[in-house]
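# What the coordinates show
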Amino acid sequence: METSLRVGIGYDVHPLVKKRKLVIGGVEIAFNKGLDGWSDADVLTHAVIDALLGAAALGDIGGHFPPGEAQYKDISSLVLLKEVGDKLAAGSWRIVNIDVTIVAEEPKLAGYIEGMRQNLSRTLDVGVERVSVKASTTNGLGCIGKVRGVEAMAVALIEGKQ
Ligand SMILES: [Zn+2]
């Protein structure tokens with residue numbers, strides 16, 4: 001059977017609020033606000049989850065991990081990512097690469113990017129050279145520019161014999 005390639009896209013936004021930890025790509029970042037959501041609201045990891053699920057046509061993050069369920073309250077999104085990685089492996093899918101862009105005006109993320117790549121790589125058991133994380137801003141435009149939230153988009157390529 002021929003190898004087949006599938007690509008998926010993921011997108012997520014969470015609001016920045018007081019009295020929440022800021023976790024992006026599984027890295028806790030020192031900042032005066034954090035992302036609000038039912039889980040740890042790790043916007044980057046959520047975008048990656050949706051890209052992987054999308055590539056395998058397995059639905060979306062809300063369908064697999066419904067917000068409002070007690071078991072997912074404040075859960076590390078890396079735990080959810082691991083489950084998704086396991087679902088793909090169970091379907092004999094292998095991750096070719098992942099590329100992510102985080103859009104945040106503040107805080108500056110450059111010092112945290114390597115840690116995010118390592119977390120995704122380790123959680124999904126895929127080489128870090130296949131995991132790209134980039135950070136951008138909106139140059140002050142819109143709600144992201146006003147530091148009211150953080151946005152992330154991701155693409156994932158997977159291969160299998162399906
Ligand atoms: Zn989310």
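Here is a short report on the structure shown in this document. (Residues numbered from 1 in each chain as written. Predicted model: local features only at pLDDT ≥ 70, side-chain atom pairs only at ≥ 80, totals over all residues. Heavy atoms only, no water.)

## Focus: the pattern of salt bridges
Two side chains that carry opposite charge are able to pair once their charged atoms sit near each other. Under the counting rule described, the total for this entry stands at nine salt bridges. Three or more residues joined by partner-sharing salt bridges are found here, namely Arg20, Asp36, Lys73 and Asp74. (Salt bridge = Lys/Arg side-chain N within 4 Å of Asp/Glu carboxyl O.)

## A few points about the sheet that holds strand 6 (residues 131-136)
Ordered in space as 4-1-7-5-6, the five strands form an open sheet in which the pairing is mixed. A single partner strand is all that each edge strand has here, and the edge strands are strand 4 (34-35) and strand 6. Relative to strand 7 (residues 149-160), strand 5 (residues 94-103) runs antiparallel, the two sharing nine bridges. Looking at strand 7, one finds that asparagine 97 is bridged to leucine 157. (Pairing = 2+ DSSP bridges. Helix = DSSP H or I, 4+ residues; strand = E, 2+ residues; numbered from the N terminus.)

## Side note on the packing of aromatic side chains
Enumeration over the complete set of coordinates arrives at one aromatic pair. On the basis of an interplanar angle of 85° and a centroid distance of 5.5 Å, the ring pair of phenylalanine 65 and tyrosine 72 is categorised as edge-to-face. In terms of burial, phenylalanine 65 and tyrosine 72 fall into one category: buried. When the ring centre of tryptophan 38 is taken as reference, the NZ or CZ atom of lysine 73 above it lies at 4.7 Å. (Phe/Tyr/Trp six-rings, centres within 6.5 Å; stacked < 30°, edge-to-face > 60°. Buried < 20%, exposed > 50% of the residue type's maximum accessible area, 1.4 Å probe, protein only. Lys NZ or Arg CZ within 6 Å of the ring centre and 35° of its normal.)

## Overview of unusual backbone geometry
Glutamate 106 connects to proline 107 through a cis peptide bond whose omega is -10°. On the secondary structure map, proline 107 appears in the loop between strand 5 and helix 4 (113-124). Positive phi values are uncommon outside glycine, yet alanine 57 reaches one of about 50°. Assignment of secondary structure puts alanine 57 in the loop between helix 1 (43-55) and helix 2 (61-64). If you check the backbone angles, aspartate 125 has positive phi at about 55° while not being a glycine.

## A short note on helix 1
Here helix 1 contains 13 residues, and its C-alpha end-to-end distance of 18 Å stays within 8% of the 18 Å for a straight helix at 1.5 Å per residue. Of all 13 residues in helix 1, 12 are buried, a share of seventy percent or more. Inspection of helix 1 places Val43, Leu44, Thr45, His46, Ala47, Val48, Ile49, Asp50, Ala51, Leu52, Leu53 and Ala55 among the buried residues, and these make up the whole buried set. (Expected span 1.5 Å × (residues − 1).)

## A short note on the coordination of the zinc ion
Protein ligation of the zinc ion involves Asp12 (OD), His14 (NE2) and His46 (ND1), the donor distances falling in the range 2.0 to 2.1 Å. Sequence spacing among the residues donating to the zinc ion works out to D-x1-H-x31-H. Taken together, the positions of aspartate 12 in strand 1 (residues 4-17) and histidine 46 in helix 1 put the pair 34 residues apart, joining distant regions of the chain. We note that aspartate 12, like histidine 46, is buried. (Donors = N, O, S within 2.8 Å, 3.2 Å for Na, K, Ca; no water.)

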